[in-house]
Amino acid sequence: MGLRQKIILIFFLILGTTLCAQNYRKHQQWFFGGHVGYNAFWGDVTDNGNHIIPGGPFQESFYKDRKVMYGAWLGKEFNNKISFRSQFIYGQMVGTSNFDKKQFSSSNREFNVTFALDLVDLLEWDHKSPWDWYIYGGIGILSFRSTLYSLNSGEMIRYTPFDSLKFYTNQRQMTMIVPFGTGINYNLNENLRFTLETNLRSASSDWMDSEMSKKRSFEGYSLTTIGITYIFDFRKKGNRGSRHSNFEAMSDNSGKEYRKVRHNGNISKNPFKQRRPHRSSVKIKGQRRGKVFKTPD
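Residues numbered from 1 in each chain as written. Predicted model: local features only at pLDDT ≥ 70, side-chain atom pairs only at ≥ 80, totals over all residues. Heavy atoms only, no water.

(A) Structural view of the packing of aromatic side chains. Inspection of the entire model under this criterion finds 16 aromatic pairs. With a centroid separation of 4.7 Å and 65° between ring planes, the pair formed by phenylalanine 41 and phenylalanine 104 is classed as edge-to-face. Of this pair, phenylalanine 41 sits in strand S1 (residues 30–42) while phenylalanine 104 sits in strand S4 (residues 102–118); the two residues are 63 residues apart in sequence, bridging distant segments of the chain. The buried category is assigned to phenylalanine 41, whose relative accessible area is 1%. On the numbers, 6.2 Å between centres and 85° between planes, the contact of tryptophan 42 with phenylalanine 218 is edge-to-face. With tryptophan 42 in strand S1 and phenylalanine 218 in the loop between strand S8 (192–203) and strand S9 (220–232), the pair connects residues that are 176 residues apart, well separated along the chain. (Phe/Tyr/Trp six-rings, centres within 6.5 Å; stacked < 30°, edge-to-face > 60°. Helix = DSSP H or I, 4+ residues; strand = E, 2+ residues; numbered from the N terminus. Buried < 20%, exposed > 50% of the residue type's maximum accessible area, 1.4 Å probe, protein only.)

(B) Inspection of the pairing of strand S6 (residues 156–160) at higher detail. In the sheet, strand S5 (residues 131–150) pairs with S6 via four bridges, with the strands oriented antiparallel. Looking across to S6, one finds that serine 146 is bridged to threonine 160. The hairpin turn running from S5 into S6, its antiparallel successor, is five residues long, and glycine 154 in that turn takes a positive phi close to 80°. (Pairing = 2+ DSSP bridges.)

(C) Highlighting the nonpolar core. Counting residues in each nonpolar core, the largest one holds 14 residues, and the members touching the most others are Met93, Phe104, Met208 and Tyr221. When residues of this core are traced back to their parent elements, those giving at least two are strand S3 (82–97), S5 and S9. For this core, the element with the most residues is S5, which contributes three residues. (Core = buried A, V, L, I, M, F, W, Y, C linked by side-chain atoms within 4.5 Å.)

(D) Region of interest: the pattern of salt bridges. Enumeration according to the criterion identifies five salt bridges in this entry. With a closest N to O distance of 2.9 Å, glutamate 77 and arginine 193 form a salt bridge. Highlighted residues: glutamate 77 in strand S2 (residues 68–77) and arginine 193 in strand S8, separated in sequence by 116 residues. With a shortest N-O distance of 2.8 Å, arginine 85 and glutamate 197 are connected by a salt bridge. One end of the pair, arginine 85, is in strand S3; the other, glutamate 197, is in strand S8, with 112 residues separating them in the sequence. When salt bridges that share partners are traced, they join Lys102, Arg158 and Glu211 into one network. (Salt bridge = Lys/Arg side-chain N within 4 Å of Asp/Glu carboxyl O.)

(E) Representation of unusual backbone geometry within the structure. The amide bond that connects threonine 160 to the next residue, proline 161, takes the cis arrangement and shows omega of 5°. Tracing the backbone shows proline 161 in the loop between S6 and helix H3 (164–168). Backbone geometry at glutamine 29 places phi at a positive 55°, although glycine is not the residue there. As for its position among the elements, glutamine 29 is in the loop between helix H1 (3–19) and S1. Positive phi, close to 60°, is recorded for asparagine 170, a residue that is not glycine. Structurally, the position occupied by asparagine 170 is in the loop between H3 and strand S7 (173–187).

(F) Highlighting the pairing of S8. Where S7 lies against S8, 11 bridges are found, and the strand directions are antiparallel. Of the residues in S8, the one forming a bridge with valine 178 is serine 202. What sits between S7 and S8 in their antiparallel hairpin is a turn of four residues. In this sheet, S9 lies alongside S8 in antiparallel orientation, the contact comprising 11 bridges. Across the sheet, serine 202 pairs through a bridge with glycine 220, a residue of S9.

(G) Layout of the environment of threonine 225. Inspection of the secondary structure assignment puts threonine 225 in strand S9. When the C-alpha atoms of threonine 225 and asparagine 199 are compared, they prove to be 9.0 Å apart, with 26 residues separating the residues in sequence. When residues no more than four places from it in sequence are discounted, the contact partners of threonine 225 are His35, Val36, Gly37, Thr195, Leu196 and Glu197. (Contact = heavy atoms within 4.5 Å.)

Limitation: the analysis is restricted to geometry and does not speak to function.
Spelled out as structure tokens, the structure:
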């Protein structure tokens, strides 16, 4: 089983776990946000100098061949451990191979869906902390246009899409992509959080750099971003006058209250656990009915 198949398997395992653990109601704990960061290409036309392995941030080449990417996401938390989101990313990419004397550049658009697992809440490390540490994985579609040049002559060697009519009419090549990574949230309050993420994205195509080679089996890119997220609830629809609706409105606040007391450091137990029924110790005696006397006629 290859790396991509293992990631997809983990994705469906997380999906199955999510469907069995929905504690928040449908209108609760939605979020949207934006992020920005730098990428690094992994594939044939690169010297790997801007990767964590082998050199890392202590070498000068680590900061070369990086382009800015922007994105936005919309998602929902199923409970305090598992969340889902859809994401759109746009940006440029570049890679250089001094050994082959080649360089490529590309324009990229990506849409994906991912599931995240919060390790802090899952392992019950610290409910009082405003920090979240999570891992996530998913699946998506990447569309790109890339051009490969010679460093010696500056001439164009190849481009993707391969059909010249499609390329010069600004059409794009499509490929499946599998994002997986880790991130950290800092909850400013119950509605606002900062996010730092780093991830790797495996592509099913070997033509992201307009070069097909057996030199490297993995092709894709890494992306490190910072972002901000806003958490909100949709308005609950229902009959305000009914006793059943009033009960649901009271229980719907459990998610917000949990986030609030967790951020303030006052939480002592999980509010979602069922409580034992409470019996009153005060007994009320019933009134005896008095006798009814009839007056004689």
